[in-house]
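Chain by chain, the residues:
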Amino acid sequence: MKTLVIAEKPDMGRNIAAVIEPKAKNARTYIEGENYIITWAIGHLIGLAEPDAYDDKYKKWNIGDLPIIPDQFKLKPNPKTKDQLKVIAELAKRSDLLINACDAGREGQHIFCLIQQHLKLRQPVKRLWISDLTPETIRKGFEELKDGSEYENLSKAARARSEADWLIGMNGSRAFTTKHNVLLSVGRVQTPVLALVYDRQKEIDAFSSAKFYDVEAFFKQGDTEYKGLWQGERIQDEEKAKAIAAKVKGKDGVILSYEVKDTKEYPFKLYDLTLLQREANAKFGFSAKKTLDLAQALYEKHKVISYPRTTSNYVTEQNIPQMYKSLDQLRGTDYAKLAEQADKKFVHKNNKSVCNPAKVEDHHAILPTNKTARNLAPDEAKIYDLIVRRFLSHFYPPAEYKMHTVMTEVEKESFKTTVKQLLSEGWKIIYADQKKDAKKSRSKKGKEDEDDAQPEEEVTTPFHLDGKAGVRCVRSEAKEKETQPPKPYTEGTLLKAMESAGKQIEDEELRDAMKDSGLGTPATRAAIIERLKQVGYIVMKGKRIVITQKGKMAVEVIRGAGVDLLTSPEMTGQWERRLNEIAKGIASDETFMANVKKFATMIISKVKMQSRVAKESFEEKPGEETKPARSRKKTAKDGDGTASAAASAKPKAAKKAASQKTAEPKGDANEGSREATKPGASRSETRTVTGIAPCPRAGCQGTLIMGRRGYGCSRYKEGCTFVIWKDQFGVSLEPEDIASLAANGRTARSFHVTGDGRERQGALVLLDREKGLIGVEES
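Residue positions within a chain follow its written sequence, with the count starting from 1. With pLDDT at 70 or above as the cut-off, local features in this predicted model cover only qualifying residues; side-chain atom pairs require 80 or more to be listed or tallied, and sums for whole chains, interfaces and linings still use all residues. As a rule here, side-chain values come from all non-hydrogen atoms in the structure, and water together with hydrogens is ignored.

(A) Molecular detail of the overall build of the protein. For the protein, the helix and strand inventory stands at 21 helices and 27 strands. Counting across all 779 residues of the protein, residues that qualify as buried make up 51%. Surface summary for the protein: the accessible area is close to 36900 Å², and the carbon and sulfur share equals 48%. Helical segments are the DSSP runs of H or I of at least four residues, strand segments are the runs of E of at least two, and each set is numbered from the N terminus. Partly exposed residues are those whose accessible area sits between 20% and 50% of the maximum for their type, while under 20% is buried and over 50% is exposed, using a 1.4 Å probe and protein chains only. All accessibility values rest on the Shrake-Rupley procedure with a 1.4 Å probe; residue burial counts only the protein chains present in the view.

(B) Representation of helix H18 (residues 569-583) in the model. Here H18 spans 21 Å end to end across 15 residues, near enough to the 21 Å set by a 1.5 Å rise per residue. Three or more residues of H18 are buried, namely Pro569, Thr572, Gly573, Trp575, Glu576, Leu579, Glu581 and Ile582. Note on contacts: a residue pair qualifies if any of its non-hydrogen atoms lie within 4.5 Å across the two residues. Contacts made by the buried residues of H18 are with helix H3 (106-119), helix H5 (152-180), helix H6 (190-206) and helix H19 (589-609). In the segment just after H18, Gly585 is the residue with positive phi, at about 80°. Residue count minus one, scaled by 1.5 Å, sets the expected span of a helix.

(C) Structural detail: the packing of aromatic side chains. The rule is short: rings of Phe, Tyr and Trp, with Trp giving its six-membered ring, pair when the centres are within 6.5 Å, and they are stacked under 30 degrees, edge-to-face over 60, tilted in between. Under the criterion given, the structure shown has 14 aromatic pairs. Here the basic side chain of Arg200 rests over the ring of Tyr489, its NZ or CZ set 4.2 Å away from the ring centre. A ring is considered to have a charge above it if a Lys NZ or an Arg CZ atom is located within 6 Å of its centre and within 35 degrees of its normal. Cation over ring: Arg390 sits above Tyr271, and NZ or CZ is 4.2 Å from the ring centre.

(D) Looking closely at the sheet that holds strand E4 (residues 36-40). Paired strands, as defined in this entry, are two strands with at least two bridges between them according to DSSP. Spatially, seven strands are ordered E2-E3-E4-E1-E7-E8-E9 in an open sheet, and the strand pairing comes out mixed. The outermost strands of the open sheet, each flanked by one partner alone, are strand E2 (25-26) and strand E9 (146-147). In this sheet, E4 lies alongside strand E1 (residues 2-7) in parallel orientation, the contact comprising five bridges. In the strand pairing of E4, Val5 is matched with Ile38. Each of E1, strand E3 (30-32), E4 and strand E7 (95-101) touches helix H2 (residues 82-92); the most contacted strand, E4, lies at about 160° to it. Note on definitions: angles span 0 to 180 degrees between N-to-C directions of axes, and those axes are lines fitted to C-alpha atoms, for helices only across the stretch in contact.

(E) A look at the sheet that holds strand E22 (residues 723-725). Taken in spatial order, the four strands make up an open sheet running E19-E20-E21-E22, and their pairing is antiparallel. Each having just a single partner strand, strand E19 (693-694) and E22 make up the two edges of the open sheet. Judged from the three bridges that link them, strand E21 (residues 710-713) and E22 form a sheet pairing that is antiparallel. Along E22, the bridge assignment pairs Tyr711 with Ile724.

(F) The pairing of strand E13 (residues 399-410), seen in detail. Sheet topology note: the strand E12 (residues 252-265)/E13 ladder contains eleven bridges and is antiparallel. By the bridge assignment, Lys264 is partnered in E13 with Glu400. Relative to strand E14 (residues 413-424), E13 is paired through eleven bridges, and the arrangement is antiparallel. Each residue of the ladder has a partner; that of Met403, found in E14, is Lys420.

(G) Helix H14 (residues 491-499), seen in detail. Most of H14 sits out of view: seven of its nine residues are buried. All of the buried residues along H14 are Glu491, Gly492, Leu494, Leu495, Ala497, Met498 and Glu499. In the stretch just after H14, Ala501 is the one whose phi turns positive, near 55°.

(H) Molecular detail of the pairing of strand E10 (residues 211-221). Burial analysis of E10 places nine of its eleven residues in the buried class, the great majority of the element. Summarising the sheet, E10 and strand E16 (residues 471-482) pair through ten bridges and their orientation is antiparallel. Bridge assignment links Phe212 to a residue of E16, and that residue is Lys481. The pairing of E10 with strand E11 (residues 224-230) spans six bridges and is classified as antiparallel.

(I) Here's a closer look at the nonpolar core. To qualify as a nonpolar core, a set must consist of buried Ala, Val, Leu, Ile, Met, Phe, Trp, Tyr and Cys residues joined through side-chain atoms within 4.5 Å. By size, the foremost hydrophobic cluster in this structure holds 83 residues, and its most contacted members are Ile115, Phe176, Leu494 and Phe592. Per element, the largest residue contribution to this core is nine residues, and it comes from H5. Not counting the four nearest positions on each side in its chain, Ile115 is found in contact with Ile6, Ala41, Leu45, Ile46, Leu85, Ile88 and Leu121.

(J) Representation of the packing of H14 against helix H16 (residues 522-534). Contact geometry of H14 with H16 gives a least axis separation of 11 Å together with a crossing angle of 120°. Between H14 and H16, the angle is such that the two are oblique. Crossing geometry of H14 relative to H16 is assigned as right-handed. Contacts between H14 and H16 involve Glu491, Leu494, Leu495, Met498 and Glu499 on the former and, on the latter, Arg525, Ile528, Ile529, Glu530 and Lys533. Oblique is the label for any angle not covered by the other classes, which are roughly parallel (under 35 degrees), roughly antiparallel (over 145) and roughly perpendicular (65 to 115). What makes a crossing left-handed is the near helix being turned counterclockwise from the far one by less than a right angle; a clockwise turn instead makes it right-handed.

(K) Main features of the packing of H5 against H18. The contact between H5 and H18 brings their axes to 7 Å, and the two run at 150°. It follows that H5 is roughly antiparallel to H18 by the angle criterion. From H5, Asn153, Leu154, Lys156, Ala157, Ala160 and Arg161 reach across to H18, where they touch Leu579, Ile582 and Ala583.

(L) Molecular detail of the pattern of salt bridges. In what follows, salt bridge is the name for a side-chain nitrogen of Lys or Arg lying within 4 Å of a carboxyl oxygen of Asp or Glu. A full pass over the atoms with the stated rule returns 40 salt bridges. Put simply, Asp165 and Arg161 hold a salt bridge, and the shortest N to O gap is 2.8 Å. Separated by four residues within a single helix, Asp165 and Arg161 lie in helix H5, roughly one turn from each other. Neither residue differs from the other here; Asp165 and Arg161 are each classed as buried. Several salt bridges share partner residues, and in doing so they unite Arg106, Glu107, Arg161, Asp165, Arg188 and Glu576 into one network.

Written as structure tokens, this is what we have:
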């Protein structure tokens, strides 16, 4: 009997075979040697079965059949790769030991476990856990094989993730699709990610820009000239700004304070996958999926980088000798000049910005291997270049600066200056040849990117002032500026938000701490974004992500059903944290799944009570096709293979189910919504909600919809004047507040409100059902 090695993909299998059985015979679907048979999956050979595998009635989508919660989940082979599954089954009969050589991560573990479970393989299992595919690493990995039982908790976490996604996706997608007669894809992870994009767009739409003025003054002392920015409350009066500029121009001044401080800048962290995707998006415009595919090719095909699907930006002490070997290898490549100047003394076990074992779990940061890169495609070379330069930067000293902070006073007006004087480039020399390209890129940025400019001026020439000597203001000017709205997400900035569960966290250490509670994993985030594109929820306008009308309405109907948790990045982030805890053996997969089943059941109960939204509400209005949001002047008058569930929900099946509607009458404006009809009501009494809630105006058959500045009636063209403005009493009203006002006459939540010259706490109440006037009911 021989040992059967099961790799995740053919390339990986061949790489392993070349090391452990170099003289083996290649039989196309497997490679057989004296002691080992090496074969492979082709990604996921097996998945969770569709609902109709449990009962034929599920072939038709019907909200009355929900929730679908299997006692035991059934497995179904992928019909496209079933032949390879048969190959593994036959080879297993000739083997007395299995080696799981799938990717060393949660999904790789899951792929192997599903094969093992479906084929009922009973042989003992060993685990190959490696971070790159160089011969040295493979050889060492086989010398240090782990017992398969050590990864049981990881298997539980992988299974829980898969089944949780199925439960939320299948039930949520079927419920909202059948209720609203529009194919709506719902997922445990994809829906909160969509909500991030939706909420950002709402912020942009609600933004009202305001003009303000900066006063800049240019001072001279001897041969030194510098610029200062006026200090004080933001100026909104142009005449005041011009008056200050005129007041100081040509006048003598004094230096109130002059502080000089030496500072150092250290290299940026080594790449994990998400950081690599973010930078490739910013620099090259690559999608997250494209960067992942390129990195995977560099890992599997070319074997020039380590395992890319990592969450870590650090290495362990054991990785440092390998880093030295990789550095030596680079000295014989196009990076020779940079590698020759690199010094190994900067990379050692006590350098916590590189070596931090506490922050390395399954895999270390992405590193170049000691294999020379040859014949890389142009885009592969770009990703490889990012990884190599980041790696090399850590073998260089820090960049050194003198920070000069000056406070200058002229005519009792104060100006602040910060000058960053470069003393030594250090690691930044790695990027010196890219500075010209970076300047060109910056010059092409739109006005909306101006607020990204660094507040300090960076100079390479010596800067010196005599703090006791006077200065003269040689010129000054008032510059008109405008407050800018939040920027639309790019794939790079959305990945950052997903990593921290939507929280805008700039502090790197705090963001590291949030990684366990992010949305999805580095391996699945690209697929989640792609899924949102595929189902028509978002489109790309250049680098910017723009939410479609369908995407907007999907979020609104989900929130309108009262299942806000399904759109909550923070809550879903906590679920992801729980999955990580299951993998570590400190949380129960059974408890997690019990809670997911309760949540799926709650979703169905809420959707069943919801009124149907008109199909037209999900469509782009003529002449208002989705456009990229732009920074522009406004006045107050302007107004989961994807981790997301529903990945296996079939659009064709949904469309077929929606088109059949055999139990529902057709042909009228109500579209036969049985759920929207009260028991005993005639069809003429039935009202279909086309937006947030029925219009409260007596006799009006319209519904409330959200506009740019307020919530108005859909029948405004017929003369309905009902409207509730979004921003009143110092608060911004949400759709759920409007729904509550329309239904109950008051908001469900209390606000800290302002108005009438005072502040107080209370709910908002609907005072006039004809016009939409609201007031405050103090608590």
